[in-house]
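Fold and geometry: a report
Here's the letter readout for the chains.
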Amino acid sequence: SAVISQKPSRDICQRGTSLTIQCQVDSQVTMMFWYRQQPGQSLTLIATANQGSEATYESGFVIDKFPISRPNLTFSTLTVSNMSPEDSSIYLCSTRDGGDNQPQHFGDGTRLSIL
Amino acid sequence: AQSVTQLGSHVSVSEGALVLLRCNYSSSVPPYLFWYVQYPNQGLQLLLKYTSAATLVKGINGFEAEFKKSETSFHLTKPSAHMSDAAEYFCAVRPSGNTPLVFGKGTRLSVIA
């Protein structure tokens, strides 16, 4: 299965600033996803990022707040813009390759705290 | 919309006791179902998956799950709990081919010595 590396693993940021999270995969994958996990909560999908097309955002998430890049089949970035304390969460990169019955794999996440 | 419901946000068992974590899905056709585990400060690790090949699915670390269409359930079990099993467990469903996973709210498992 794909090995997913996320950077940074954690950060503490000031409100109003922006942070870019990197996701590197050790193999080429078609489908990449970004999830948010708020403290003590489950995972909520932010967007799907497939190479060669614009990211598709879920309801409640907009490109201006969470711009995503997917320049190739092994890399993606998620930027959290103009951060507020409500953005304090774990952000997880996930990938899937192969058929419909294949699982998604996850990085260890980026733990973000906004002061 | 397709969803999964995990009954019990927190389950506590004694070491050596049976672990039973409940998951029900909403679907008119059997979807793809998965169980993941999340240890503190880590991402999600796949425990097992149901893909219609067999109703009883064996996963890692001694876990297994049984798909019951009549009950729309996919409960996770382990005969004997270990202290190392303490973690957050998520049931997830893929409604159809190219859609991403939808997760349940999770169940936190505590194991008491």
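Described below are features of the structure shown in this document. (Residues numbered from 1 in each chain as written. Chains lettered and ligands numbered in written order. Predicted model: local features only at pLDDT ≥ 70, side-chain atom pairs only at ≥ 80, totals over all residues. Heavy atoms only, no water.)

For chain A, the helix and strand inventory stands at zero helices and eleven strands. Secondary structure elements in chain A, listed N-terminal to C-terminal, are β-β-β-β-β-β-β-β-β-β-β. Taken over the C-alpha trace, chain A has a radius of gyration of 13 Å; the compact-globule value for 115 residues is 13 Å, and the two agree within 12%. With the principal axes as the frame, chain A shows a C-alpha extent of 40 × 25 × 20 Å. Residues classed as buried in chain A amount to 50% of the 115 residues present. When the accessible surface of chain A is split by element, carbon and sulfur atoms take 46% of a total near 5400 Å². Across chain A, the centroid of the 8 positively charged side chains sits 6 Å from that of the 10 negatively charged ones. (Helix = DSSP H or I, 4+ residues; strand = E, 2+ residues; numbered from the N terminus. Rg over C-alpha atoms; globule rule 2.2 N^0.38 Å. Buried < 20%, exposed > 50% of the residue type's maximum accessible area, 1.4 Å probe, protein only. Areas by Shrake-Rupley, 256 points an atom, 1.4 Å probe, with all protein chains shown as cover. Lys, Arg positive; Asp, Glu negative; His and termini not counted. Charge placed at Lys NZ, Arg CZ, Asp CG, Glu CD.)

Backbone torsion omega between A:K7 and A:P8 reads -10°, so that peptide bond is classified as cis. Tracing the sequence through the fold places A:P8 in the loop between strand 1 (4–7) and strand 2 (10–13). Its identity is not glycine, yet B:N41 carries a phi of approximately 60°, on the positive side. Its location among the elements puts B:N41 in the loop between strand 4 (32–38) and strand 5 (44–50).

On to the sheet that holds strand 3 (residues 19–26) of chain B, then. Residues and elements named next belong to chain B. Read across the open sheet, the five strands follow the order 1-3-8-7-6; overall the sheet is antiparallel. Looking at the sheet topology across the chains shown, the edges are occupied by strand 1 (3–7) and strand 6 (56–58). Strand after strand, the sheet turns through a mean of 20° between neighbouring axes, direction not considered. One ladder, built from four bridges, connects strand 3 with strand 8 (residues 73–78); its direction is antiparallel. The partner of L20 across the bridge, within strand 8, is T77. (Pairing = 2+ DSSP bridges. Axes fitted to C-alpha atoms, helices over the stretch in contact; angles between N-to-C directions.)

Treat this as a map of the structure, not an account of what it does.
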